[in-house]
Amino acid sequence: MNNQNKAINTFQRYLSVWVLLCMAIGVLIGHFVPAIPATLGKFQISGISIPIAVLIWVMIYPMMMKVDFQSVKQIGKNPKGLLVTWVTNWLIKPFTMYGIAYLFLFVVFKAFIPSELATQYLAGAVLLGAAPCTAMVFVWSTLTNGNPAYTVVQVATNDLIILVAFVPIVKFLLGVSNVAVPYSTLFVSIFLFVVIPLVGGILTRITITKQRGVDYFESTFVHKFDNATTIGLLLTLVIIFSSQAEVILSNPLHIVLIAVPLTIQTFLIFFIAYGASKLLKLPHDIAAPAGLIGASNFFELAVAVAIALFGTTSPAALATTVGVLTEVPVMLLLVRIANKTKASFA
């Protein structure tokens, strides 16, 4: 078993437990040692938490190094799979997320969630829905024996689309939700949490491959950062949940209620993309990643933007972190479904 498979198996086996533990640790710190989140909250620039920004870079930078933009040249070889990914991610997913979240937060759970909180939770859901996964797809694709070269093309093009589509979609949906968000804040967030790590990842990839070769870069170098990504995610959760401690302790039911529409959305988007791939007679090694890239979220970006827009202690930031909690077990279940149905694509 190579290092990549070991990392993936470790991730698959323990991340849900680590996420739960870090959430619990964060809540305990926030409740019993409130001076810690209060002190960390003072380190801000233009409303953006510096500790969170650093940890977000720690998470995203290693993922961006894995994206080979040379693969974009291969788009014309099999455009159907890319069309499924693009249409699902950008023309369907953000709007179904808004609709499902609105239905549950404002209608089904109306008796349990005040409208002010529901609006903030909806904003967090919108940020998740407008940020389809760009990096964790490498994990899900590997677990379904996806076509690695094609997955890279899907991820690379998705990263490029995020640069131009994320801001207007979020601005529109939050405007519909009566949440005022300045374009400047959205653009700054995209620049900080996508452009900078993306450029850093590209430059690192170019530099290392020139010096040591592609094989060394993909088999050894990128995996040196696997633990850094996980640690960055877990420390981010500790900080966020420590600042959200009193909100969570006063509304523990809300965690479950927020998770319901997020989970339903994940299943819906997967089956839309996976089903469309089957109708288009795409091979399973393209269909499975196409379904999974839409179903999962770029939650690192969603969390970062929620914090930048609304603050570390905001209900919107809490909603995006619930997305982290629900995503791992749900995505692993979808991986199993994809593997169980592989024969139907033969």
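Refer to the structure above for everything that follows.
Phi angles above zero are rare outside glycine, and Asn 145 is one such case at about 55°. Structurally, Asn 145 can be placed in the loop between helix H6 (137-143) and helix H7 (148-176). Phi is positive for Lys 281, close to 60°, though the residue is something other than glycine. Tracing the backbone through its elements, the reader meets Lys 281 in the loop between helix H12 (252-279) and helix H13 (284-295). Relative accessible area serves as the criterion here: at 74%, Lys 281 is assigned to the exposed category.

Right, let's get into a nonpolar patch on the surface. A contiguous nonpolar surface patch, about 510 Å² in accessible area, is contributed by Phe 43, Ile 50, Val 54, Trp 57, Phe 191 and Ile 196. Looking at the nonpolar patch, the elements that each hand over two or more residues are helix H3 (50-65) and helix H8 (183-212). Among the elements that make up the nonpolar patch, the one with the highest residue count is H3 (three residues). Tracing the backbone shows Trp 57 in helix H3.

For the rest of this paragraph, the subject is the nonpolar core. Core analysis: the biggest nonpolar cluster contains 76 residues, and Phe 166 and Leu 301 have the highest contact counts within it. Residues contacting Phe 166, with those up to four places away along its chain left out, are Trp 90, Leu 127, Ala 130, Ala 131, Ile 161, Ile 190, Leu 301 and Val 305.

The next subject is the packing of helix H5 (residues 115-129) against H12. Each pair of packed helices can be described by the angle between their axes along with the distance between the axes. At their nearest, the axes of H5 and H12 sit 11 Å apart, and the two run at 40° to each other. Relative to H12, the element H5 lies oblique. At the point where H5 passes H12, the crossing takes the right-handed sense. The segment H5 lies against H12, with Leu 117, Tyr 121, Ala 125 and Leu 128 engaging His 254, Ile 258 and Leu 262.

A separate point is the environment of Val 305. Looking at the secondary structure, you find Val 305 in helix H14 (residues 299-310). Classification of Val 305 by relative accessible area gives buried; the value is 0%. Residues Val 305 and Ile 190, spaced 115 residues apart in sequence, show a C-alpha to C-alpha distance of 7.9 Å.

It is the contact of H12 with helix H15 (residues 315-340), at a shortest axis distance of 9 Å, that shows an interaxial angle of 40°. Relative to H15, H12 is oriented oblique. As H12 packs across H15, the resulting crossing turns out to be right-handed. When H12 is examined against H15, the residues Ile 255, Ile 258, Ala 259, Leu 262, Thr 263, Thr 266, Phe 267, Phe 270, Phe 271 and Tyr 274 are found in contact with a partner set consisting of Leu 318, Ala 319, Val 322, Gly 323, Leu 325, Thr 326, Val 330, Met 331, Leu 333, Leu 334, Ile 337 and Ala 338. Across the contact of H12 with H15, the residue classes tally to 18 nonpolar, four polar and no charged.

Reading guide: rules and limits
- Residues numbered from 1 in each chain as written.
- Predicted model: local features only at pLDDT ≥ 70, side-chain atom pairs only at ≥ 80, totals over all residues.
- Heavy atoms only, no water.
- Helix = DSSP H or I, 4+ residues; strand = E, 2+ residues; numbered from the N terminus.
- Buried < 20%, exposed > 50% of the residue type's maximum accessible area, 1.4 Å probe, protein only.
- Patch = residues over 30% accessible without salt bridge, like charges linked within 9 Å, V, L, I, M, F, W, Y side chains within 5 Å.
- Areas by Shrake-Rupley, 256 points an atom, 1.4 Å probe, with all protein chains shown as cover.
- Salt bridge = Lys/Arg side-chain N within 4 Å of Asp/Glu carboxyl O.
- Core = buried A, V, L, I, M, F, W, Y, C linked by side-chain atoms within 4.5 Å.
- Contact = heavy atoms within 4.5 Å.
- Axes fitted to C-alpha atoms, helices over the stretch in contact; angles between N-to-C directions.
- Parallel < 35°, antiparallel > 145°, perpendicular 65-115°, else oblique.
- Left-handed = near helix turned anticlockwise from the far one by under 90°.
- Nonpolar A, V, L, I, M, F, W, Y, C, P; charged D, E, K, R; others polar.

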